[in-house]
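Examining the three-dimensional arrangement
The lines below spell out each chain.
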Amino acid sequence: MVWGLTPHEIHSLVGCSSEIGFPRVTVCPLWLSLFVFKIRRMKFHTEYLTLHTKTKRAYVHLTPQVESALKKSGIKDGMILVSAMHITAGVYVNDNEGGLIKDIDQWLETLAPFRQNYQHHQTGEDNGDAHLKSLIIHHEVIVPVTNGKLDFGPWQQIFYAEFDGQRDKRVIIKVMGE
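Per-chain numbering applies: the sequence of each chain, read as written, is numbered from 1 onward. Residues qualify for local features only when their pLDDT is at least 70, as the model is predicted, and side-chain atom pairs are given and counted only at 80 or more; totals for whole chains, interfaces and linings, by contrast, use all residues. Side-chain figures throughout are based on the complete set of non-hydrogen atoms in the structure, without hydrogens or water.

Our focus in this paragraph is the sheet that holds strand β6 (residues 89-95). The sheet built from three strands is open, its strands ordered β4-β9-β6 with antiparallel pairing. The sheet is open, and its two edges are formed by β4 (58-61) and β6, each paired on a single side. When the angles between neighbouring strand axes are averaged without regard to direction, this sheet yields 30°. When DSSP finds two or more bridges between two strands, those strands count as paired. Each helix is a run of H or I in the DSSP string that is no shorter than four residues. Each strand is a run of E no shorter than two, and both are numbered from the N terminus. Sheet analysis places β4 next to strand β9 (residues 156-162), joined by four bridges and oriented antiparallel. By the bridge assignment for β9, His61 is matched with Phe159. Between the N-to-C directions of two axes lies an angle of 0 to 180 degrees, each axis being a line fitted to C-alpha atoms and, for a helix, fitted only over the stretch in contact.

Between helix α4 (residues 98-111) and helix α5 (residues 128-137), the shortest axis-to-axis distance is 10 Å and the interhelical angle comes to 120°. It follows that α4 is oblique to α5 by the angle criterion. The way α4 lies across α5 gives a crossing that is right-handed. Side by side, α4 and α5 meet where Trp107, Leu108, Glu109 and Leu111 of the first sit next to Asp129, Lys133, Ile136 and Ile137 of the second. Looking at the contact of α4 with α5 residue by residue, the classes come out as five nonpolar, no polar and three charged. Just so you know how the angles are binned, under 35 degrees is roughly parallel, over 145 roughly antiparallel, 65 to 115 roughly perpendicular, and the rest oblique. Helix crossings are classified by the rotation of the near helix relative to the far one: an anticlockwise turn of less than a right angle makes the crossing left-handed, while a clockwise turn makes it right-handed. Contacts were defined at the residue level, with two residues in contact if any of their heavy atoms lie within 4.5 Å. Amino acid classes used here: Ala, Val, Leu, Ile, Met, Phe, Trp, Tyr, Cys and Pro are nonpolar; Asp, Glu, Lys and Arg are charged; the rest, including Gly, are polar.

In this structure, Lys169 sits in strand β10 (residues 168-177). Residue classification places Lys169 among the buried residues on the basis of a relative accessible area of 2%. Between the C-alpha atom of Lys169 and that of Leu49, which follows or precedes it by 120 residues, the distance is 8.2 Å. Non-local contacts of Lys169, meaning those with residues more than four positions away in its chain, are made with Leu49, Thr50, Leu51, His86, Thr88, Tyr160, Glu162 and Asp164. Burial classes follow relative accessibility: with a 1.4 Å probe on protein chains only, a residue under 20% of its type's maximum area counts as buried, one over 50% as exposed, and anything between as partly exposed.

Before going further, it helps to examine unusual backbone geometry. A positive phi is found at Asn147, a non-glycine position, where the angle reads about 55°. Looking at the element boundaries, Asn147 is found in the loop between β7 (140-146) and β8 (149-150). The exposure class of Asn147 is exposed, given its relative accessible area of 69%. Despite not being glycine, Gln166 has its phi angle at roughly 70°, a positive value.

On a regular strand, each side chain points to the face opposite its neighbour's, so the side chains alternate between the two faces of the sheet. Residue alternation in β7 divides its side chains into a buried set, Val141, Val143 and Val145, and an unburied set, Glu140, Ile142, Pro144 and Thr146. As paired strands, strand β5 (residues 78-84) and β7 are joined by six bridges and run antiparallel to one another. By the bridge assignment, Gly78 is partnered in β7 with Val145. Linking β7 back to β8 in an antiparallel pair, the connection comprises two residues, with Asn147 at a positive phi of about 55°.

Any carboxyl oxygen of Asp or Glu within 4 Å of a side-chain nitrogen of Lys or Arg constitutes a salt bridge here. Within the structure shown, the criterion is met by eight salt bridges. Two residues, Glu109 and Arg57, come together in a salt bridge whose shortest N-O distance is 3.0 Å. Note that Glu109 is positioned in helix α4 and Arg57 in the loop between β3 (43-52) and β4, a separation of 52 residues in sequence. Classification of Glu109 as partly exposed rests on a relative accessible area of 22%.

Moving on to the environment of Arg41. For Arg41, the location among the structural elements is in the loop between α2 (29-40) and β3. Residue class for Arg41 comes out partly exposed when judged on its relative accessible area of 40%. C-alpha of Arg41 to C-alpha of Glu178: the two residues are 137 residues apart in sequence and 6.0 Å apart in space. Once you skip the residues sitting within four places of it in the chain, Arg41 turns out to touch Gly177 and Glu178.

See below:
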């Protein structure tokens, strides 16, 4: 389905001009109203979280806040985007187990250790490793929503990963669906 339309509905809306071969939209009030109706069913809900970690590196379990945003949205079927709004943080999905979180932190420190000689530090900053760790984790995740619930696999949870903390950072939660 495209825009909530079946292939038959799309075929009825779009034709092809035999003269030049470009798609054209057929003007049909009935189909146009159906198209507009299906588009209007899509809803969006946005929330922002502000996080301020006590340490430079931290991992924050966000699943409860994401579930709360989903409940407020009233959306039953769709998806949720959770994105760190800063270039030295990330969002990921994994198990909420303390040993694993420590392993992830040690692994990231091995891959992108703090050191003085990053080229980025010539700008006056000292967080080159935080930028690299963010690239490894990535800044966002998309989670499916089914029957009004996060459609996770076993043990999956959403986490915010902070690599240059001790100041305010924002996370956006965008719920989209019907």
